Amino acid sequence: MKKLVGPVLTDEVVNHSARTFNNKTLRVVSTPSGEKAVLNPMSEIDTRHYLGNNNTPYSIDHVSLATTEDEGGAPGAEGALELHRAALQSAVSAYISSKFTCELAAGTVATKDNNLHVFICTEKPNLRNFWSGKWTSSWVVSVDGGSASVSGEIKVRAMPLVVWVERMCSYC
């Protein structure tokens, strides 16, 4: 691609595009600890660092999706919100492992702006038979004392791969 486009397609442009795509589509990655996590803007510390499901930071190459351990980074939530996050992360992880058998399934709970943000993603590509399906959901849980309110959205993509590729190519 770089040979076709030339100097316009710098490494910075490629990395920015990959990061934007990964966060928007909630890509599933394997963290250095071996757990699966969902890339999302709420777990992002900076452009190359995220907090994992166990609230420890890791680095990512957005183009290759390779992750490495990170000693630095920002600490996660503290106090009561962290207790809620850890309990909800445990419940989401149990839900994922009991309901989804595919390799590309993960759930991540992040904290930002005194809210809990839940991201669940599962994808089942079957390239041999030219179809693919993906289910993503994102939720915001606002905890106020002994009560909580939940809002969110679910996105489902299920179509033959040929149709999906044709639609993607029409945007190019």
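Here goes a summary of the coordinates provided. Along each chain, residue indices are assigned from 1 in the same order as the chain's sequence is written. Thresholds applied to this predicted model are a pLDDT of at least 70 for local features of residues and 80 or more for the giving and counting of side-chain atom pairs; totals over whole chains, interfaces and linings are not thresholded and use all residues. Side-chain calculation: all heavy atoms of the structure are included, whereas hydrogens and water are not.

For the rest of this paragraph, the subject is the side chain of Thr67. Secondary structure is summarised from DSSP: a helix means a run of H or I of at least four residues, a strand means a run of E of at least two, and numbering begins at the N terminus for each. Residue placement: Thr67 occurs in strand β6 (residues 66-69). Among the residues examined, Thr67 registers a relative accessible area of 18% and is labelled buried. Pairing of N or O atoms within 3.5 Å defines a polar contact, subject to two protein rules: one partner must be a possible hydrogen donor and the other a possible acceptor, and residues neighboring in sequence count only if both atoms are side-chain atoms. For Thr67, the side chain forms a polar contact with the main-chain oxygen of Ser30, separated by 2.7 Å. Two residues form a contact once any of their heavy atoms are found within 4.5 Å. With residues up to four places along the chain from it excluded, the contact list for Thr67 reads Val29, Ser30, Thr31, Pro32, Tyr58, Ser59 and Ile60. For the exposure calls, accessible area comes from a 1.4 Å probe over protein chains only, and a residue counts as buried if that area is under 20% of its type's maximum, exposed if over 50%, partly exposed in between.

Attention now goes to helix α3 (residues 79-99). To estimate how far a helix should extend, the number of its residues minus one is multiplied by 1.5 Å. Between its terminal C-alpha atoms α3 stretches 30 Å, which fits the 30 Å expected from 21 residues at 1.5 Å a residue. Considered for burial, the residues of α3 that qualify are Leu81, Glu82, Arg85, Gln89, Val92 and Ile96. An end-on view of α3 places all buried positions within 90° of arc, on one side of the element. Exposed residues on α3 whose side chains face more than 90 degrees from its buried face are Ala80, Leu83, Ala87 and Ser98. On its buried face, α3 sits against β7 (104-112) and β8 (115-126). This arc describes the spread of directions from the helix axis toward the C-beta atoms.

In this section: the pattern of salt bridges. Criterion for a salt bridge: a side-chain nitrogen of Lys or Arg within 4 Å of a carboxyl oxygen of Asp or Glu. Using the criterion set out here, one finds four salt bridges in the structure. Note that Arg19 and Glu44 form a salt bridge whose closest N and O atoms lie 2.7 Å from each other. Taken together, the residues Arg19 in helix α2 (residues 11-25) and Glu44 in strand β3 (residues 44-46) connect sequence positions 25 residues apart. An identical accessibility class is assigned to Arg19 and Glu44; each is buried. For the salt bridge of Glu123 with Arg157, the shortest nitrogen-to-oxygen distance reads 3.4 Å. Of the two residues, Glu123 is situated in strand β8 and Arg157 in strand β10 (residues 147-160); the sequence distance between them amounts to 34 residues.

Let us look at the packing of aromatic side chains. In summary, the pairing rule links any two rings of Phe, Tyr or Trp, Trp by its six-membered ring, whose centres are within 6.5 Å, and it sorts them by plane angle into stacked for under 30 degrees, edge-to-face for over 60 and tilted for everything else. Applying the stated rule across the entire model yields three aromatic pairs. Relative to Phe100, the ring of Tyr95 lies with its centre 5.8 Å away and its plane at 80°, an arrangement referred to as edge-to-face. Using a relative accessible area of 34% as the deciding quantity, one classes Tyr95 as partly exposed. Among the aromatic residues, ring-to-ring pairing joins Tyr95, Phe100 and Trp135 into one connected group.

In short, geometric facts, not functional conclusions.
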